[in-house]
Amino acid sequence: MSDRLAVTLTGIVGADHVLTDPQVTRRYETDWTGRFGGRARCVVRPADTGEVSQVVAACAAAAAPVVPQGGNTGLVGGGVPRGGEVVVSLARLHTVAPVDTDAAMVTVGAGATLAAVHAAAAAAGLAYGVDFAARDSATVGGTIATNAGGVRVLRHGATRAQVLGVEAVLADGRVLRRPGAVPKDATGYDLPGLLTGSEGTLAVVTGAWLRLVPRDPARVVALLALRSTADAVAVLARLRAATRRLSAAEWFTGDGLDLVLAATGLAPPFPRSWPTYLLVECAGPTDPSAELAAALDGVDAVADVAVATDRPGRAALWAYRERHTEAIATTATATAGVAHKLDVAVPLRALPAFEAQAHQRCDEAGARLVVFGHLAEGNVHVNVVGPAADDDRLDAALLRLVADLGGSISAEHGIGVAKTAWLHLTRDATDRWAMAAVKRALEVLPDRALLP
Ligand code: MLT
Ligand code: ZN
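One numbering rule holds for all chains: residues counted from 1, following each sequence as written. Chains carry letters and ligands carry numbers; both start at the beginning, A for chains and 1 for ligands, and go up in the order they are written. Only residues with pLDDT of 70 or above have their local features reported here, since the model is predicted, and side-chain atom pairs are shown and tallied only from 80 upward, although totals for entire chains, interfaces and linings are computed over all residues. Processing note: side-chain calculations cover all non-hydrogen atoms of the structure and skip hydrogens and water entirely.

Enquirer: Sorry if this is basic, but what is going on with the nonpolar core here?
Expert: The tendency in soluble globular proteins is for nonpolar side chains to be buried side by side. In plain words, nonpolar cores are sets of buried Ala, Val, Leu, Ile, Met, Phe, Trp, Tyr and Cys residues tied together by side-chain atoms within 4.5 Å. Categorising residues by exposure relies on relative accessible area from a 1.4 Å probe, with only protein chains included: less than 20% of the type maximum marks a residue as buried, more than 50% marks it as exposed, and the intermediate range marks it as partly exposed. With 45 residues, the main nonpolar core has L224, V235, V280, F354, V380 and V382 as its most contacted residues. Broken down by element, the residue count for this core peaks at six residues, all from helix 14 (residues 393-404). Residues in contact with V235, not counting those within four places in the same chain, are L224, L226, L278, L296, V299, A301 and V302. Helix and strand definitions follow DSSP, with helices as H or I runs of at least four residues and strands as E runs of at least two, each counted in order from the N terminus. In what follows, residue pairs with any heavy atoms lying within 4.5 Å of each other are defined as contacts.

Enquirer: Please clarify how unusual backbone geometry should be interpreted in this entry.
Expert: Excluding glycine, residues mostly have negative phi values, and the peptide bonds linking residues are mostly trans. A positive phi angle, near 50 degrees, is found at A104, a position not held by glycine. On the secondary structure map, A104 appears in the loop between strand 4 (86-89) and strand 5 (105-109). With a phi angle near 50 degrees, N147 is a residue other than glycine that sits in the positive phi range. Note that N147 resides in the loop between helix 5 (140-146) and helix 6 (153-156).

Enquirer: What exactly am I supposed to notice about the pattern of salt bridges here?
Expert: Pairing between side chains of opposite charge can happen when the charged atoms of each approach one another. The term salt bridge refers to a pairing of a side-chain nitrogen on Lys or Arg with a carboxyl oxygen on Asp or Glu at a separation within 4 Å. Summed over the entire model, instances satisfying the criterion amount to 15 salt bridges. In this structure, R393 and D391 form a salt bridge, with 2.8 Å as the shortest nitrogen-oxygen distance. Using a relative accessible area of 64% as the deciding quantity, one classes R393 as exposed. The structure contains a network of salt bridges with shared partners spanning D131, R135 and E322.

Enquirer: Just checking my understanding: could you explain the site of ligand 1 for this structure?
Expert: Near, as used in this document, describes a residue that has one of its heavy atoms within 4 Å of the molecule or strand being considered. Around ligand 1 sit L75, R321, T325, K341, F372, H374, H381, E412 and H413, and that is every residue in its neighbourhood. In protein, a polar contact requires one atom able to donate a hydrogen and another able to accept it; more generally it is a pair of N or O atoms within 3.5 Å, and residues adjacent in sequence count only if both atoms are side-chain atoms. Measuring from an oxygen atom of ligand 1, one finds a side-chain N or O atom of R321 at 2.7 Å. One of the side-chain nitrogen or oxygen atoms of K341 is found 3.1 Å away from an oxygen atom of ligand 1. Here the Shrake-Rupley method, with its probe set to 1.4 Å, supplies the accessible areas, and only the displayed protein chains count as covering residues. For ligand 1, whose unbound accessible area comes to 260 Å², protein coverage reaches 89%. Considering only residue class, the shell around ligand 1 consists of two nonpolar, four polar and three charged. For this scheme, ten residues count as nonpolar: Ala, Val, Leu, Ile, Met, Phe, Trp, Tyr, Cys and Pro. Four count as charged, namely Asp, Glu, Lys and Arg, and the remainder, Gly too, count as polar.

Enquirer: Any chance you could explain the pairing of strand 4 here in plain terms?
Expert: Consecutive residues of a regular strand have side chains that alternate between opposite faces of the sheet. Residues V86 and V88 of strand 4 are buried on one face, and the alternating residues V87 and S89, pointing to the opposite face, are buried as well. Pairs of strands are assigned from DSSP output, requiring at least two bridges between the strands. Where strand 2 (residues 42-44) lies against strand 4, three bridges are found, and the strand directions are parallel. Opposite C42, over in strand 4, you have V86 as the bridge partner. Bridge count for strand 3 (residues 66-69) against strand 4 is four bridges, and the pairing is parallel. The partner of V66 across the bridge, within strand 4, is V86.

So this is what it looks like as structure tokens:
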């Protein structure tokens, strides 16, 4: 890049942090699925909020579109260029301030990984309420941009429920700072809540004040073998009624487990395979095993069970669930294809019907379907292998099915570029107008008439 913008950006962040070599930029240009991406004009790696502000202002002055990027673990193409944008990587903003144990809060930079936040919280005797398999690479900024959910939503809520305050750079480079110094604050609009889930369309998140939760030192994980998804829904209802210590309820199928076993070489959890599995975890200050056992006592739907309380045993059971994403990607690559990943949610009562109808549509199209997800929220990760990367006919049919059942076409991964064409399925014209109006209001104001 030998233009004036390159010179300006180099002056802001230094030559080492304006990347243009295709060998180096490649990893910033394609998303994790391999389905979305394009060439970047350049990748810029600012060191702090001040540099992000200058970079964004320079890009705005040059009318150069910007794509903010965290750990690039997104699955909907929201953090990668489509062609010609400046990628602003937040990876160097990875500070984690000392935990405020009195307020149960931590201030972090957007580039801090989820794992780093967990480590800091644990060292202070606390925990962070959002967790998922990509924790070692996914960054706080990305999780805020997508309002990421994960495996603890049933206990602590999604990311929006953890964000007490936010720092972000607006489209013209101004820094919006809404500190989360106190958990109760009814002063004006909830801008942190608005920016959470805005996927970089309103501002570039540079830092956050995050709520921490009590650490639960004692845990038990049980992998339940079941005959159907309807049974999984019924068992979950029973567990929710019987214990307040439930901290995860993850659902997968025999097909998914077969892929995981083939891709990872893990030993099967049970002597025979079952149609459906429900992984549940209970956590608390004291061993919750007896409470979980009592809750499951006499539940005929549970055909077999594997239980672990020690850390390696729990991790071994979690691996059957957490390694689904990698196993599905391996399967898709083996057939020289990519997985179409649709993160949706349906009302729990409609989940068995959704699963059956989704299978029917995929069978008719000659595609392979693997579903798994976060059962308590009806959050289904729909993975379709077979159609070409740019053939979205089956995607459209499945998303329409979700909408018809009263569900969400994006539960926790965001809209990105993957689902913009289907926003109308669950957001009517007035809703889309209101969102567009908010975006316009936060964009560069030509006359700056509204500036204080
Ligand atoms: C998960 O729950 O494992 C993630 O959302 C990733 C995925 O959908 O593949
Ligand atoms: Zn998920």
